[in-house]
Amino acid sequence: MKFSAGRVFVLVLAPLIAAALVATGLMLLAIVATEAATTIVVPYLVTYTGTKDPGGGGRTLYIDGSWSVATAVTGIVASPLVALALFLPDGPARPRRG
């Protein structure tokens, strides 16, 4: 297997893309828990507890989570992209000019 610049680029960026996807999903859940003043539990990963002041005041969000599980979830999300970069064949060979 030849490691072209494109393959290395995808291998380097796969964890960053996965981390961005996981972080975006968790931030959306935090917004929902805050606005709905409810508790959202993602087992082993995070628990969001949103509260609202009964007098019409502000909102509060309590977060209890695990960084190690978040890292594992990021690795699981990144693994298909890494597998594609490693095991897909190269494109068709380009004819040489000259």
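Just so it is clear, the model here is predicted, and its values are computed rather than measured.

Trainee: Mind showing me how you'd approach the sheet that holds strand S1 (residues 39–42) here?
Mentor: Within a beta sheet, neighbouring strands are joined by backbone hydrogen bonds and run either parallel or antiparallel to one another. Spatial strand order, S1-S2-S3: three strands in an open sheet with antiparallel pairing. Each of the sheet's edge strands pairs with one partner strand only, and the pair in question is S1 and strand S3 (59–65). If you compare each strand with its neighbour and ignore which way they point, the axes differ by 10° on average. Across four bridges, S1 lies against strand S2 (residues 46–52) in antiparallel orientation. Bridge pairing in S2 places valine 42 opposite valine 46. Docked against the sheet, helix H1 (residues 5–36) engages S1, S2 and S3, running at close to 30° with respect to S2.

Trainee: What is the right way to look at the layout of surface pockets in this model?
Mentor: Where empty space is left in the structure can be found by rolling a water-sized probe over the atoms. The volume enclosed by the largest pocket comes to roughly 240 Å³. In this structure, the largest pocket is lined by 14 residues; those nearest its centre are Leu26, Leu45, Ser66, Trp67 and Ala70. Those elements that provide at least two residues to the lining of the largest pocket are H1, S2, S3 and helix H2 (67–87).

Thresholds, definitions, all that
Residues numbered from 1 in each chain as written. Predicted model: local features only at pLDDT ≥ 70, side-chain atom pairs only at ≥ 80, totals over all residues. Heavy atoms only, no water. Pairing = 2+ DSSP bridges. Helix = DSSP H or I, 4+ residues; strand = E, 2+ residues; numbered from the N terminus. Axes fitted to C-alpha atoms, helices over the stretch in contact; angles between N-to-C directions. Contact = heavy atoms within 4.5 Å. 1 Å grid on protein atoms, 1.4 Å probe; cavity = no way out; pocket = protein on both sides within 12 Å on 5 of 7 lines; lining within 4 Å. Points joined across faces, edges and corners; volume = space filled by probe spheres on them.

Purely geometric stuff here, so don't read any function into it on its own.
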